[in-house]
Amino acid sequence: MSKHAPTDPDLRRPRRPWFAALALAVAAAAPAQAAPDANAGPAPVPRVGAVLASTYAPDARPAPATASIGRTIGAAPAARPAEAPRRSPRVADFGQEPLSDDARAIASWVVDAADNRGLPFAIVDKVNARVAVFNPDGRIAASTPALLGLARGDDSVPGIGERKISDIKPHERTTPAGRFVAEIGVNANGEDILWVDYDAAVSMHRVRNGNKAERRLQRLATATVADNRISYGCINLPVAFYEQYIKRLFEARGGIVYVLPETRPVLAQFGAYRVASATP
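All values derive from a computational prediction rather than experimental measurement.

1. Some remarks on the sheet that holds strand E5 (residues 178-186)
Strands sit in the order E3-E2-E1-E10-E5-E6-E7-E9 across an open sheet of eight strands; the sheet is mixed. Every interior strand has two partners, whereas the edge strands, strand E3 (140-145) and strand E9 (235-237), have only one. On average, each strand axis in the sheet is tilted by 25 degrees relative to the strand beside it, whichever way the strands run. In the packing of helix H2 (residues 101-113) onto the sheet, contacts are made with strand E1 (121-125), strand E2 (130-134) and strand E10 (255-259), and the angle to E1 comes to roughly 155 degrees.

2. Some remarks on the environment of Leu267
Residue placement: Leu267 occurs in helix H5 (residues 266-270). Since its relative accessible area comes to 24%, Leu267 is described here as partly exposed. Ignoring any residue separated from it by four or fewer positions in sequence, one finds Leu267 in contact with Ile106, Ala272, Tyr273 and Arg274.

3. Things to note about the packing of aromatic side chains
All chains considered together, the criterion is met by eight aromatic pairs. Both rings, one in Phe121 and one in Tyr258, keep their centres 6.1 Å apart while their planes meet at 90 degrees; by these two values the pair is edge-to-face. Residue Phe121 is located in strand E1, and its partner Tyr258 is located in strand E10; the two are separated by 137 residues in the primary sequence. Assigned by exposure class, Phe121 and Tyr258 land together as buried. Each ring, one from Trp195 and one from Tyr198, has its centre 5.0 Å from the other, and the planes form 80 degrees; the classification is edge-to-face. Here a set of aromatic residues connected by ring pairs shows up, and it is made of Phe94, Trp109, Phe121, Phe134, Tyr258 and Phe270.

4. Notes on the nonpolar core
Ranked by internal contacts, the top residues of the largest apolar core, which has 30 residues, are Val133, Met204, Ile246, Phe250 and Val257. Elements represented by at least two residues in this core include exactly E1, E2, E5, strand E6 (192-197), strand E7 (202-206), E9, helix H4 (239-250) and E10. Of all the elements, H4 adds the most residues to this core, at six residues. In this structure, Val257 is in contact with Ala122, Val124, Gly178, Arg179, Phe180, Ala182, Leu194, Val196, Met204 and Phe250, ignoring residues within four places of it in sequence. Among the nonpolar cores identified, the runner-up in size contains 24 residues, and Ile106, Trp109, Leu260 and Ala272 belong to it.

5. As for the side chain of Asp112
Among the secondary structure elements, Asp112 is positioned in helix H2. Judged by its relative accessible area of 2%, Asp112 falls in the buried class. Of the polar contacts made by the side chain of Asp112, one reaches the backbone nitrogen of Arg90; its length is 2.8 Å.

6. Examining H4
With 12 residues, H4 ought to run about 16 Å at 1.5 Å a step, and its terminal C-alpha atoms sit 15 Å apart, in line with that. Three or more residues of H4 are buried, namely Phe241, Tyr242, Tyr245, Ile246, Leu249 and Phe250. Down the axis of H4, the smallest arc covering the buried residues is 120 degrees, so these residues share one side.

7. Points about the pairing of E3
Pairing between E2 and E3: five bridges, direction antiparallel. Each residue of the ladder has a partner; that of Ala132, found in E3, is Ser143. Counting the residues in the hairpin turn of E2 and E3 gives five residues, including Gly138, whose phi is positive at 95 degrees.

8. Digging into the confidence of the model for the chain
Interpreting fine coordinate detail is not advised for predicted regions of low pLDDT. Taken residue by residue, the chain gives an average pLDDT of 77. The fraction at 70 or more is 68%. In this model, residues 1-7 is a region of pLDDT below 50 whose contacts with residues beyond four sequence positions or in other chains number 35 contacts. In the predicted structure, residues 73-79 sits below a pLDDT of 50 and forms 18 contacts with residues beyond four places in sequence or in another chain.

9. Re the environment of Gly233
When you line up the elements, Gly233 lands in the loop between strand E8 (229-231) and E9. Considering only alpha carbons, one finds Gly233 and Thr175, 58 residues apart in sequence, at a separation of 4.3 Å.

10. Details of unusual backbone geometry
Within the chain, Ala129 stands out as a residue other than glycine whose phi angle is a positive 50 degrees. Structurally, Ala129 can be placed in the loop between E1 and E2.

11. Re H2
When the terminal C-alpha atoms of H2 are compared, their 18 Å separation across 13 residues agrees well with the 18 Å that a helix rising 1.5 Å per residue should span. Burial of H2 is extensive: 11 of the 13 residues sit out of reach of the surface. What H2 keeps buried is the set Ala103, Arg104, Ala105, Ile106, Ala107, Ser108, Trp109, Val110, Val111, Asp112 and Ala113. In the core, the buried residues of H2 are packed alongside E1, E2, E10 and H5.

Procedures and definitions
- Residues numbered from 1 in each chain as written.
- Predicted model: local features only at pLDDT ≥ 70, side-chain atom pairs only at ≥ 80, totals over all residues.
- Heavy atoms only, no water.
- Pairing = 2+ DSSP bridges.
- Helix = DSSP H or I, 4+ residues; strand = E, 2+ residues; numbered from the N terminus.
- Axes fitted to C-alpha atoms, helices over the stretch in contact; angles between N-to-C directions.
- Contact = heavy atoms within 4.5 Å.
- Buried < 20%, exposed > 50% of the residue type's maximum accessible area, 1.4 Å probe, protein only.
- Phe/Tyr/Trp six-rings, centres within 6.5 Å; stacked < 30°, edge-to-face > 60°.
- Core = buried A, V, L, I, M, F, W, Y, C linked by side-chain atoms within 4.5 Å.
- Polar contact = N/O pair within 3.5 Å; in protein donor to acceptor, adjacent residues only side chain to side chain.
- Expected span 1.5 Å × (residues − 1).
- Arc of directions from axis to C-beta.
- pLDDT = per-residue confidence, 0-100.

In structure tokens form, the structure reads like this:
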């Protein structure tokens, strides 16, 4: 979870040229802004790794693109309208996957509000230690158990991505909640991973078993979720699942990752609303 030598190589964050290019591309697609005041000083540089919270729109059309990339913090600033949209609701297709009510509710909100903007998306259910991956149209591709941050909590410690692994205390090893614009990238060893929160050095990647004492493969295989909290904050997935669903679906254009909170209301985290028939 830093640029210094960590226990897991995925936690090293090389500064990659594609981040700058992506920021410029998204900025170019943003609505034109008024000319800056010449006396106001230099304009702020868009922070790679952050986007504004998604905002519910009455007509369910996605909000305009912004020049920032990566993370959503907190709930949407706008309140939900008193009346539901005057159209038939759209819901996600869950197939036979065993997802929680919260995961189903957020997935159907994503589909109904088109919050994924035509991209594949994943939902990380920390309470149940499970990751579900969806096609752009809202059809579920698959779900799997996952290993998550050791500590319970929904926020990353400020600056944790720059700290040495040895300086990160157990209670600081959280997987942050929020809406993240995710991209396939590489770690410092050249291995592909899905960057979720670049600033906090949180990624989604294949599970590793380098430290035998941590028994990560065994933890993934057990039926209980009690032993799935072990990482420094990254989301560990079975190798085959990562290859078949994460890498295949997210490699071309990236996607959105929704990490459900465990200390805050789920709907409030995303400024979401409950879609009719989203849950049983």
